Amino acid sequence: MEFRDYYKILGVNRNASDDEVKKAYRRLARKYHPDVNPGDEKAVARFKEINEAYQVIGDAEKRAKYDQFGSNWEKYGSFDEAFKRAGAGSAGRSAAGGFDFAGFGGFSDFFEALFGGGAAPPGQQTRTVRSRRSADIEHDIDIPLGEVMSGTTRALSLRIPEIDGRVRNRRLEVKIPKGVRDGSRIRVAGEGGYKSDGRRGDVFLKVRVLPENGFERRGNDVVTNLPVHLSESLLGSDASVRNLDGSVLTVKIPAETSNGSLLRLRGQGLPALNGSERGDLLVRVRVKLPKNLNSQQRELIYQFGMSRQERPVRPT
């Protein structure tokens, strides 16, 4: 296994201060960043090498262990012996296991053996599962049901790790497609953290569709309630109903419509996700019983009930 001179990779001497190491890393990272060198595989490889070196030299504990390992390497000329003398056994590896910096990964066997447990000295096999922070970022977003009708655009400010490890607010303008469903995940490509090859991961927005007062969603259909007078439900009528988008539609109420009946207005519901077809608006009839009747109205209802062989109490 090849020994890696992390000081040489960063272009600093072994006595370099933390500030000098950080400045060297940032200068090289900017120079070899894949966004600056699109399609250049050599730049990507160099970028990963620089990042790995900074993982060690930029961390006091790892730097001390690396310095001890390096002196042992020069003295014994054997990976096995240097590994043992540096005390980089299972305890040392587990102390740094899972260490990650702004979502980077893909370190060399040398790094894994010394710090991560991903490789072992010759003749010894180990299997270690390491936890890596994903470069993809998930964020919840609330969408009122009314905005599902036509879609919308949202401006978001998300905290996203940058190349230097610091977390910054990033402003994104995201298009929410019409017909989006609760629990849907909207992918915003290339706006997440950094992957091991230096490219950005993605942002995934998990949609929570908020209920709209007076409306209920059933797939792409929308259900709303319509209060109807008793005489209108018995004899029929025309009524106006408001839709999710604020438009006012006319619905015909057939004679003898029962309380709770659903009247369908086709094509007035929610659109299918990214499609042109729409669901229906279902109007649920809520029959309102008359109140505050005068004596004449009570008598009429009494006579109506008696004509149907019902048993109403005669009004007094």
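Residue positions within a chain follow its written sequence, with the count starting from 1. Given that this is a predicted model, residues contribute local features only at a pLDDT of at least 70 and side-chain atom pairs are listed and counted only at 80 or more, while totals for whole chains, interfaces and linings are drawn from all residues. To get the side-chain values, all heavy atoms of the structure are used, and hydrogens and water are removed first.

Caption draft 1: Representation of the overall build of the protein chain within the structure. Each helix is a run of H or I in the DSSP string that is no shorter than four residues. Each strand is a run of E no shorter than two, and both are numbered from the N terminus. Summing up its helical and strand segments, the protein chain has ten helices and eleven strands in all. Type-normalised accessible area, obtained with a 1.4 Å probe on protein chains alone, sets the label of each residue: buried when under 20%, exposed when over 50%, and partly exposed for intermediate values. Considering the protein chain as a whole, with its 316 residues, one finds that 42% of them fall into the buried category. Should any heavy atoms of two residues lie within 4.5 Å, those residues are counted as being in contact. When contacts within the protein chain are restricted to residue pairs at least 6 apart in sequence, those whose partners lie at least 24 apart make up 57%.

Caption draft 2: Region of interest: the sheet that holds strand S10 (residues 262-265). Taking strand neighbours across the sheet as the criterion, the four strands line up as S6-S7-S11-S10 in an open arrangement whose pairing is mixed. Because the sheet does not close on itself, it has two edges, and the strands there are strand S6 (215-218) and S10. Averaged over all adjacent pairs, the angle separating strand axes in this sheet is 35 degrees, with direction ignored. DSSP calls a pair of strands paired once it identifies at least 2 bridges connecting them. Where S6 meets strand S7 (residues 221-229), four bridges bridge the pair, whose relative direction is antiparallel. Note on S7: the bridge partner recorded for Arg-218 is Asp-221. Each axis is a line fitted through C-alpha atoms, and for a helix only the stretch in contact is used; angles between axes span 0 to 180 degrees, taken between their N-to-C directions.

Caption draft 3: A look at the environment of Arg-284. The topology assignment puts Arg-284 in strand S11 (residues 281-288). Residue Arg-284 is classed as buried on the basis of its relative accessible area, which comes to 15%. Along the sequence, Arg-284 and Ser-261 sit 23 residues apart, while their C-alpha atoms lie 5.6 Å from each other.

Caption draft 4: Representation of the packing of helix H2 (residues 18-32) against helix H3 (residues 41-57) in the model. In contact at an axis separation of 9 Å, H2 and H3 are set at 165 degrees when each is read in the N-to-C sense. Comparing the axis directions of H2 and H3 gives the class roughly antiparallel. Taken as a pair, H2 and H3 cross one another with a handedness that is left-handed. Where H2 abuts H3, its residues Val-21, Lys-22, Tyr-25, Leu-28, Ala-29 and Tyr-32 lie against Ala-43, Arg-46, Phe-47, Ile-50, Asn-51, Tyr-54 and Ile-57. Here the angle decides the label: under 35 degrees means roughly parallel, over 145 means roughly antiparallel, 65 to 115 means roughly perpendicular, and every other value means oblique. Whether a crossing is left-handed or right-handed is set by the direction in which the near helix is turned from the far one by less than a right angle, anticlockwise for left-handed and clockwise for right-handed.

Caption draft 5: Focus on the nonpolar core. The set of buried Ala, Val, Leu, Ile, Met, Phe, Trp, Tyr and Cys residues whose side-chain atoms join them within 4.5 Å is what this entry labels a nonpolar core. In this structure, Val-174, Val-203 and Leu-205 are the most contacted members of the largest nonpolar core, which totals 35 residues. Broken down by element, the residue count for this core peaks at four residues, all from strand S5 (residues 203-210). If we ignore the near neighbours within four places in the chain, the residues touching Val-203 are Ile-137, Leu-158, Ile-160, Leu-172, Ile-186, Arg-187, Val-188, Glu-191 and Gly-192.

Caption draft 6: Looking closely at a nonpolar patch on the surface. Residues enter patches when they are more than 30% accessible in relative terms and free of salt bridges; like-charged ones are connected within 9 Å and nonpolar ones (Val, Leu, Ile, Met, Phe, Trp, Tyr) within 5 Å. Only the protein chains shown count as cover for residues, and all accessible areas are computed by the Shrake-Rupley method using a 1.4 Å probe. Here, a salt bridge means any Lys or Arg side-chain nitrogen found within 4 Å of an Asp or Glu carboxyl oxygen. Residues Leu-230, Leu-234, Leu-235 and Leu-289 make up a contiguous nonpolar surface patch of about 410 Å² in total accessible area. Within the secondary structure layout, Leu-289 lies in the loop between S11 and helix H10 (295-307).

Caption draft 7: Fine view of the packing of aromatic side chains. Centres within 6.5 Å are what make two rings of Phe, Tyr or Trp a pair, Trp counting through its six-membered ring; a difference in plane orientation under 30 degrees is then read as stacked, over 60 as edge-to-face, and the rest as tilted. Tallied over the entire structure, the rule returns one aromatic pair. Relative to Tyr-54, the ring of Tyr-25 has its centre 4.1 Å away and its plane inclined at 10 degrees; by these criteria the two rings are stacked. Here Tyr-25, found in helix H2, pairs with Tyr-54, found in helix H3; they are 29 residues apart in sequence, far enough to count as distant. Each member of the pair, Tyr-25 as well as Tyr-54, carries the same accessibility label: buried. Whether a charge lies above a ring is judged from NZ of Lys or CZ of Arg, which has to be within 6 Å of the ring centre and within 35 degrees of the ring normal. The side chain of Arg-46 reaches across the aromatic face of Tyr-32, ending 5.2 Å from its centre. The ring of Phe-204 has Arg-185 sitting right over it, with the charged end atom 4.4 Å from the ring centre.

Caption draft 8: Structural context of unusual backbone geometry. Located in the positive-phi region is Asn-292, a residue other than glycine, with phi close to 55 degrees. Summarising the element assignment, Asn-292 is placed in the loop between S11 and H10. One non-glycine residue with positive phi stands out, namely Gln-309, at about 60 degrees. By the secondary structure assignment, Gln-309 is in the segment after H10. For Gln-309, a relative accessible area of 77% corresponds to the exposed category.

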